[in-house]
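Examining the three-dimensional arrangement
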Amino acid sequence: MHANLRPVSVIGTGMIRFGKYRDSTVPQLAQPAVREALREAGLEPRQIEAIYAGTATSGWMPGQRVARDTGMSGIPVVNCENACSSSATAFREAWVAVAAGLYEYVLVFGVEQLTKLGGGTLPLDQDDIEVTNGMVMPALYAMRAQRYLHDFGASEQDLAAVAVKARRHGALNPDAQFRTETTVEEVLASRRIADPLTLLQCCPTGDGAAAVVICPTERAATHSSRPVRVLGSHLASGKYVPGFRDMTMPEITQRCSGELYEETGLGPKDIDVLECHDAFTIAELLYYEALGLCGRGEAVGLLRDGVTSIGGRVPVNPSGGLLSKGHPIGASGAAQIVEIVRQLQGRCEARQVDGARVGLTHVTGGGTSGFDHGACSIHMFGV
Amino acid sequence: MSSPAPAETRRPPTTGRTLRASDVTHAVDGSPRLCGAECAACGTRIFPAAQVCPSCNSEEMKPLSLSGHGVLYAFSTVHVAPAAWETPYTIGYVDLPEGVRVFGKVEGASALVPDAEVGVRIEPIDDPKGGSAPAFQYWFTPRGTR
């Protein structure tokens, strides 16, 4: 940890169940999550000194619109757009501000309403040469999948097994968009989206919101019986690589996690539970390797052996992940933090990871030519 | 999923953006070639060309004629896309001998596997914007087919 920054803890969490809320507005989605986080922290709205809001498609000043409707107008509001890393980026900026001594109590929230875009694939940058030639996000991951299967001898059944695990976990999470289990056969028989990926291997269209309140660790005990320490926070951006790139090793995640491990003095072996960016089945397998949970080509074995299931050595996406809990883009980073904080507090009931003391959240984001991804934000938490 | 656009407005991807005249050069035999750029300062090679080197920020970018064949790194047939695009279509990345990876539409994908040799087909088209400069588009095709 940086020597001149003070320790920071999470003292409040809130989220709404992810799903389709076509008749809501963005502030209406965010309000319940924000109010729950404040209530958990035992704080009145007037005690919050700044707001950091993460969202990708909610228009101008989403943070102010939520502050207006929840008794917090007038204080500094920072709106963060970083694709799927939007609210993880907001959390990091809030952490920097509190750790630096600028504020004592800060609210972070993420929100997204994808149903208003009409469903289907996400609209990407129309000036990008790959996008104008037919690139869509599922195809980008599909090509990673094809290459991974080719290079490491994995099968489409191995990919489907990721979705089966996600749904099994999600079935235990009351806040998940999908709460039904599935089978390898059902996953492979679902509609083709971008070969080899089928519908059940892709995160759903959905809406959602999640919020957390942070403060200096020295104040945390007066607000929470189980505060959770922020052990490390890291943000990386895509590095332009000319020429050939290995699409089975997401460089941005490997670099961002490596820097975080160095910063915290903790490594993959210290992690008891983690939430990673499983926007598509292949992503989870690639991230096992990029985050250092196993070596190159070993991800399928890790999944098959149950290491990453609840009850295994390092459960991944106990919430159901993006595949089952849902992926309202800008809300996902904050929702991952809510899940890991609650896991470390021992509050997750049926999906609780027993004895978890160190947890990690990982989101990436953005399809842009020349990069693996535009953004990646990784946080580590501990009790 | 969104409902499809009326048939008359749907079109294959790639017809929206054509290659600019500067993206295409011609080999000695007159056949069209993709034209990228090489940085005279650091040697970085890119496609499409740019005025500034993305690796070292130099402005010494020279035109680079690219081979008409390469190796298919990965590809995917897309079944769900923005409403204006006709599906299915196949897209992929091709590694050219010059060390440049080019993204584009793939034809004849059923006959292809990763690491297959493919050709780059470039054809002049009518510029949808009605400009006077020639416009082109390109596909990757199984090697030997034209």
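Bear in mind that the values here come from a model prediction, so they are computed numbers and not experimental data.

Here is what the cut-offs are and how they apply
Along each chain, the written sequence defines residue order, and numbers are assigned to residues from 1. For this description, chains carry letters from A and ligands carry numbers from 1, given in the order in which they are written. Local features are withheld for residues below a pLDDT of 70 in this predicted model, meaning they are given only at 70 or higher, and side-chain atom pairs are given and counted only at 80 or more; totals for whole chains, interfaces and linings count all residues. Secondary structure follows DSSP: runs of H or I at least 4 residues long count as helices, runs of E at least 2 residues long count as strands, and numbering of each begins at the N terminus. For the radius of gyration, the atom set is restricted to C-alpha positions; the globular benchmark scales as 2.2 Å times the number of residues to the power 0.38. With C-beta atoms placed from the backbone, the exposure class of a residue follows from how many other C-beta atoms lie within 10 Å of its own: 20 or more, buried; 12 or fewer, exposed; in between, partly exposed. We call two residues in contact whenever the C-beta atoms placed from their backbones are within 7 Å. For this entry, the nonpolar core is defined as buried Ala, Val, Leu, Ile, Met, Phe, Trp, Tyr and Cys residues connected by C-beta atoms within 7 Å. Strand pairing is assigned whenever DSSP identifies at least 2 bridges connecting the two strands. Here pLDDT means the predictor's own confidence in every residue, given as a number from 0 to 100. A helix is expected to reach a length of 1.5 Å times the quantity of its residues less one. Axes here mean lines fitted to C-alpha atoms, for a helix over just the part in contact, with angles spanning 0 to 180 degrees between N-to-C directions. Ten residue types, Ala, Val, Leu, Ile, Met, Phe, Trp, Tyr, Cys and Pro, are classed as nonpolar, four, Asp, Glu, Lys and Arg, as charged, and the remainder, Gly among them, as polar.

What to know about the overall build of chain A
Secondary structure assignment for chain A yields 13 helices and 11 strands. Taken against the 2.2 N^0.38 rule, which gives 21 Å for 383 residues, the C-alpha radius of gyration of chain A at 19 Å falls within 12% of a compact globule. Expressed as lengths along the three principal axes of its C-alpha atoms, the size of chain A is roughly 55 × 45 × 40 Å. Counting only residues that meet the buried cut, chain A has 59% of its 383 residues in that class. For chain A, long-range pairs separated by at least 24 residues make up 78% of all intrachain contacts whose partners lie at least 6 apart in sequence.

A few points about the nonpolar core
Residue and element names in this part refer to chain A. Val108, Phe109, Ala209, Ala211, Val212, Ile214 and Ala334 are the most contacted members of the largest nonpolar core, which totals 158 residues. Among the elements that take part in this core, helix H13 (residues 329-344) stands out by supplying 9 residues, more than any other. Apart from the residues within four sequence positions on either side, Val212 is in contact with Val10, Gly12, Thr13, Ala37, Phe91, Val108, Ala334, Ile337, Val338 and Val341.

Quick word on the pairing of strand E9 (residues 135-142) of chain B
All names here are of chain B. Relative to E9, strand E7 (residues 101-106) is paired through 2 bridges, and the arrangement is parallel. In the strand pairing of E9, Val106 is matched with Phe140. Two strands pair when backbone bridges link them, and strand E8 (residues 117-125) and E9 are joined in this way by 8 bridges, in the antiparallel orientation. Bridge pairing links Ile122 to Tyr138 in E9.

What about the confidence of the model for chain B?
Residues and elements named next belong to chain B. Looking at chain B as a whole, its pLDDT mean stands at 84, while 79% of the residues score no less than 70. Within chain B, E9 has the poorest average pLDDT of any element, 88, and strand E5 (residues 69-78) the best, 97. Residue range residues 1-8 is modelled with pLDDT below 50. Its contacts to residues more than four positions away, or to other chains, number 12 contacts.

Digging into unusual backbone geometry
Cis geometry is found at the peptide bond from Asp195 of chain A to Pro196 of chain A, where omega equals 5 degrees. Residue placement: Pro196 of chain A occurs in the loop between strand E5 (192-194) and strand E6 (197-198). Pro48 of chain B follows Phe47 of chain B through a cis peptide bond whose omega is -5 degrees. Following the sequence through the fold, Pro48 of chain B ends up in the loop between strand E3 (45-46) and strand E4 (61-65). Of note in this structure, Asn317 of chain A is not a glycine but carries a positive phi near 55 degrees. Structurally, Asn317 of chain A is set in the loop between helix H11 (299-304) and helix H12 (321-324).

Notes on helix H3 (residues 86-99) of chain A
Quick reminder: α-helices carry 3.6 residues per turn. Residues three or four places apart thus point the same way. Residue and element names in this part refer to chain A. With 14 residues, H3 extends 20 Å between its outermost C-alpha atoms, agreeing within 8% with the 20 Å of an ideal straight helix rising 1.5 Å per residue. Counting buried positions along H3 yields 11 of 14 residues, so the element is predominantly enclosed. Taken as a whole, H3 has its buried residues at Ser86, Ser87, Ala88, Thr89, Ala90, Phe91, Arg92, Ala94, Trp95, Val98 and Ala99.

Side note on the sheet that holds strand E10 (residues 358-365) of chain A
All names here are of chain A. Taken together, 9 strands build an open sheet; the order of strands is E3-E2-E4-E7-E1-E8-E11-E10-E9 and the sheet is mixed. For this open sheet the edge positions go to strand E3 (77-80) and strand E9 (273-275), each flanked by a neighbour on one side alone. Direction aside, the axes of adjacent strands within the sheet are offset by 25 degrees on average. Pairing between E10 and strand E11 (residues 375-382): 8 bridges, direction antiparallel. The partner of Val363 across the bridge, within E11, is Ser377. Against the sheet, H13 makes contact with strand E1 (8-15), strand E2 (50-54), strand E4 (106-113), strand E7 (207-216), strand E8 (228-237), E9, E10 and E11, and its axis sits at roughly 125 degrees relative to E4, the strand it touches most.

A word on the interface of chain B and chain A
If you look at the interface, chain B gives 35 residues, while chain A gives 29 residues. The set of elements that each furnish at least two residues to the side of chain B that touches chain A consists of E3, E5, strand E6 (89-95) and E7 of chain B. Among the elements that make up the side of chain B that touches chain A, the one with the highest residue count is E5 of chain B (6 residues). Tallied by class, residues from the side of chain B that touches chain A come to 19 nonpolar, 11 polar and 5 charged.

Some thoughts on the environment of Thr132 of chain A
Relative to the assigned elements, Thr132 of chain A resides in helix H4 (residues 129-132). Put simply, Thr132 of chain A and Cys294 of chain A are 162 residues apart on the chain and 37 Å apart in space, counted from C-alpha to C-alpha.

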